[in-house]
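# Structural overview
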Amino acid sequence: MGNAASRLLEVEPVDAIERVKKTLVELDIEGIQTAVREALDGGNAPLDIALRGLGEGMKDIGELFQSEEYYLADLVLAGETMKEGMAVLEPLISGDGASRKGPVVLFTVKGDVHDIGKNLVVTMLSAAGFKVVDLGVDVAETRVVDALRESGASLLGMSVLITPMISSIGDVVDAIKEAGLRERVRIAVGGACTTPELVEKFGLDALGRDAVEAVGIFEEWETKKA
Ligand code: B1M
């Protein structure tokens, strides 16, 4: 590369969303809200900042953890830093609070405590006018069946991030079948370790790769409800 080209690359401004991502990857919990506010002031949409800034930053953090440059304590701090950033964005993403659609039962599977992505899906669904029954993390299949019965929901979403807990998806599907509810309930899955192959293996109905896709899936199913 010539000198001029490399100089150009050096002076290329880092955009505000990139700065949010960098602040998160550096685990700068003190600076994250300022970076997010600056991105908002620059006219970026809250959802864009959440997905392209914070969401992409978390993927980099995952890779740094995998390559052993970051440790478990760094993952914990990353989660807290992400939540600080989301605290600024969530009120701007949330809708008017009126829930006209759903309900959707949402949770992270048994044995898995990751909740940031699930929470983003909950926020986006609420913003789109869905009532959401959020069961939290590490949820046993019996609680899922109880929630489906109590709420009368026919829409279900589960978040799965760690490979060892993939078997929990099967436990949920089996419990729903045993309760005689499978015909009534459409099931979507999402999260870092989910794939189309998993959807096929467990006979699920859809895969949501991000919160926007998740909302699209439930919107489509809502229109097909009797
Ligand atoms: Co952990 N972790 N973690 N972690 N962690 C991952 C998932 C990992 C990929 C990191 C890595 O090694 N590269 C890896 C899993 C590898 C694997 O099994 N395939 C991993 C591991 C190994 C672990 C532990 C086992 C580490 C250990 O103890 N040695 C441990 C497991 C604990 C447990 O659950 N039992 C662990 C713990 C943790 C913390 C608790 C420290 C922390 C979570 C904090 C929290 O959630 N409150 C943490 C974090 C932060 C991560 C990473 C870095 C980031 C996850 C995140 O929040 N992403 C993660 C790396 C990665 O995912 N690449 C990693 C941001 C979020 C917005 O994205 O959750 O993907 P995501 O959600 C997206 C979409 O996936 C989709 O929409 C969301 C928004 O766009 N989506 C859905 C999610 N759920 C959906 C549901 C739907 C639809 C769409 O329903 C229809």
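Residues numbered from 1 in each chain as written. Predicted model: local features only at pLDDT ≥ 70, side-chain atom pairs only at ≥ 80, totals over all residues. Heavy atoms only, no water.

### Description of the overall build of the protein
Counting its secondary structure elements, the protein contains 10 helices and 5 strands. For the protein, whose C-alpha radius of gyration is 19 Å, the value lies close to the compact-globule estimate of 17 Å for 226 residues. Projected onto its principal axes, the C-alpha positions of the protein cover 70 × 40 × 35 Å. Buried residues in the protein amount to 43% of all 226 residues. (Helix = DSSP H or I, 4+ residues; strand = E, 2+ residues; numbered from the N terminus. Rg over C-alpha atoms; globule rule 2.2 N^0.38 Å. Buried < 20%, exposed > 50% of the residue type's maximum accessible area, 1.4 Å probe, protein only.)

### What to know about the coordination of the cobalt atom of the ligand
For the cobalt atom of the ligand, the sole protein-derived donor is H114 (NE2), lying 2.3 Å away. Residue position: H114 is located in the loop between β1 (101-108) and α6 (116-127). (Donors = N, O, S within 2.8 Å, 3.2 Å for Na, K, Ca; no water.)

### Looking at the confidence of the model for the protein
Looking at the protein, the pLDDT average stands at 91 and 92% of residues meet or exceed 70. Low confidence marks residues 1-13, where pLDDT is under 50. Its contacts with residues over four positions away, or in another chain, come to 2 contacts. (pLDDT = per-residue confidence, 0-100. Contact = heavy atoms within 4.5 Å.)

### Notes on the packing of α6 against helix α10 (residues 211-224)
Interaxial distance between α6 and α10 falls to 9 Å at its minimum, and their mutual angle equals 50°. In this view, α6 runs oblique relative to α10, as classed from their interaxial angle. Taken as a pair, α6 and α10 cross one another with a handedness that is right-handed. Each of L120, V121, M124 and L125 in α6 lies in contact with α10, whose residues at this interface are A211, V212, A214, V215 and F218. (Axes fitted to C-alpha atoms, helices over the stretch in contact; angles between N-to-C directions. Parallel < 35°, antiparallel > 145°, perpendicular 65-115°, else oblique. Left-handed = near helix turned anticlockwise from the far one by under 90°.)

### Considering the pairing of strand β4 (residues 186-190)
A large share of β4 lies buried, amounting to 4 of its 5 residues. As judged from the 5 bridges shared by strand β3 (residues 155-159) and β4, these two strands associate in the parallel manner. Bridge assignment links S159 to a residue of β4, and that residue is G190. In this fold, β3 hands off to helix α8 (residues 167-178), which returns the chain to β4; that crossover is right-handed. (Pairing = 2+ DSSP bridges. Right-handed = clockwise from strand over helix to strand, strands pointing away.)

### Side note on the site of the ligand
Lining the immediate surroundings of the ligand are 37 residues, of which V113, H114, D115, S159 and T163 lie closest. Take Q66: an N or O atom from its side chain is 3.2 Å from a nitrogen atom of the ligand. Here a nitrogen atom of the ligand and a side-chain polar atom of H114 are 2.8 Å apart. According to the grid-proximity analysis, the pocket containing the ligand is the largest pocket. With 6 residues, helix α4 (residues 46-66) is the largest single contributor of residues to the shell around the ligand. Across the shell around the ligand, the residue classes break down as 21 nonpolar, 11 polar and 5 charged. Residues from two domains meet in the shell around the ligand; each of domain 1 (1-97) and domain 2 (100-226) gives at least three. (Near = heavy atom within 4 Å. Polar contact = N/O pair within 3.5 Å; in protein donor to acceptor, adjacent residues only side chain to side chain. 1 Å grid on protein atoms, 1.4 Å probe; cavity = no way out; pocket = protein on both sides within 12 Å on 5 of 7 lines; lining within 4 Å. Sits in = over half its atoms within 2 Å of the grid points. Nonpolar A, V, L, I, M, F, W, Y, C, P; charged D, E, K, R; others polar. Domains from an automatic or database assignment.)

### Topic: the packing of helix α2 (residues 16-25) against α4
Two numbers describe how α2 lies on α4: the axes approach to 8 Å, and their chain directions differ by 35°. For the pair α2 and α4, the crossing hand works out as right-handed. In contact with I17, V20, K21, L24 and V25 of α2, α4 contributes D48, I49, R52, G53, L54, E56, G57, M58, D60, I61 and L64. Split into classes, the residues belonging to the contact of α2 with α4 amount to 9 nonpolar, 2 polar and 5 charged.

### Concerning α4
Over its 21 residues, α4 runs 29 Å from end to end, which matches the ideal 30 Å to within 8%, given 1.5 Å per residue. Of all the residues in α4, the buried ones are I49, A50, G53, L54, G57, I61 and L64. Next to the buried residues of α4 lie α2, α3 (32-41), α5 (72-93) and α6. Phi turns positive, to about 65°, at E68, one or two residues after α4. (Expected span 1.5 Å × (residues − 1).)

### Quick look at the layout of surface pockets
The rolling of a water-molecule-sized probe over the atoms marks out the regions of remaining empty space. By volume, the largest pocket is sized at about 1500 Å³. If you trace the largest pocket, you find 47 residues lining it, with M58, G117, L161, G191 and A192 closest to the centre. When contributions to the lining of the largest pocket are tallied by element, the ones reaching two or more residues are α4, α5, α6, β3, β4, β5 (206-208) and α10. Tallying contributions element by element places α4 first for the lining of the largest pocket, with 11 residues. Taken together, the residues of the lining of the largest pocket break down into 25 nonpolar, 12 polar and 10 charged. Counting residues domain by domain, the lining of the largest pocket receives three or more from each of domain 1 (1-97) and domain 2 (100-226). (Points joined across faces, edges and corners; volume = space filled by probe spheres on them.)

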